Amino acid sequence: MSDLDQLTQSLARNLKRWRGERGFTLDALAARAGVSRGMIIQIEQARTNPSVGTTVKLADALGVSITTLLDYEQGPQVRIVPESQAVRMWSTPAGSRTTLLVGTEARGPLELWEWILRPGDSSSSDPHPSGTAELLHVTTGALTLVVDGEAHTVPAGASAVFEANVPHIYRNEGTETVEMIMSVSIPPAR
């Protein structure tokens, strides 16, 4: 495969991936980027090599660098973080705690957290930058997740995802300790 073919395939794969991660329809991305829907379809199907200007418009609309859209490195980058290197960020005398397990700056910051909330404990968070998403999975207990003033119960075994650009609270209103894993996706700085 030639370098140009590899670049075309990488752009197709990465554009489709980032459009999906951002939840953009073809029409939404076309409107944001000022690029025709037909052109985006051709790019995603690796049937055309767009101009640098078109590629920049698409990268800007997706909130990623042009390098990210054109990246064609093969194979995953793996970094193992031992338990002893996890960072304790918050704790209470009752034993509630949060631990930052791992994070990355690749393609925008992404963090993975472990949470333990003892009965009666809670933790409040100010709004994060627009575009920040939090994903969580409760493994034990029942979490009360309050997002922009509205409470949601997330029982053990359930997961939740939300836009974190509003005030939010993690609360344990039950009698059993809540344990959960949470991932935070923060949009790249522009």
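Cut-offs applied
- Position numbers for residues start from 1 in each chain and track the written sequence from start to end.
- Only residues with pLDDT of 70 or above have their local features reported here, since the model is predicted, and side-chain atom pairs are shown and tallied only from 80 upward, although totals for entire chains, interfaces and linings are computed over all residues.
- Side-chain measures were taken over the full set of non-hydrogen atoms in the model, leaving aside hydrogen atoms and water.
- Every helix listed is a DSSP run of H or I at least four residues long, and every strand listed is a run of E at least two residues long, numbered separately from the N terminus.
- Any N or O atom pair separated by 3.5 Å or less is treated as a polar contact, with the protein-specific requirement of one donor-capable and one acceptor-capable atom, and with residues adjacent in sequence counted only for side-chain atom pairs.
- Throughout, a contact is declared for two residues whenever any of their heavy atoms are within 4.5 Å.
- Residues belong to one nonpolar core when they are buried, are Ala, Val, Leu, Ile, Met, Phe, Trp, Tyr or Cys, and are joined through side-chain atoms within 4.5 Å.
- Throughout, exposure labels follow a simple rule: accessible area from a 1.4 Å probe, protein chains only, divided by the maximum for the residue type, with under 20% read as buried, over 50% as exposed, and the rest as partly exposed.
- The reported arc concerns the directions from the helix axis to the C-beta atoms and nothing else.

**Description of the side chain of Ser125**
- For Ser125, the location among the structural elements is in strand β4 (residues 122-125).
- Within the structure, Ser125 has its side chain in polar contact with the side chain of His128 (distance 3.3 Å).
- Filtering out sequence-adjacent residues up to four positions away, Ser125 remains in contact with Pro167 and His168.

**Some remarks on the nonpolar core**
- Membership of the largest hydrophobic core comes to 18 residues, with the highest contact counts inside it found for Leu136, Leu143, Leu145 and Tyr170.
- Where this core is concerned, the elements lending two or more residues are β3 (110-117), β5 (133-140), β6 (142-147), β8 (159-163) and β10 (178-185).
- With residues near it in sequence (within four places) discarded, Leu145 still touches Leu136, Glu150, Ala151, His152, Val154, Ala160, Phe162, Ile169 and Tyr170.
- Of all hydrophobic cores here, the second largest spans 17 residues; its members include Ile40, Ile43, Leu58 and Leu69.

**Quick notes on helix α4 (residues 52-62)**
- Within α4, the full set of buried residues consists of Thr54, Thr55, Leu58, Ala59, Ala61 and Leu62. Relative to the axis of α4, the buried residues are bounded by an arc of 165° and lie together on one face.
- In this structure, the buried side of α4 is in contact with α1 (3-22), α2 (26-33), α3 (37-44) and α5 (66-70).
- One or two positions beyond α4, positive phi appears at Gly63, with a value near 75°.

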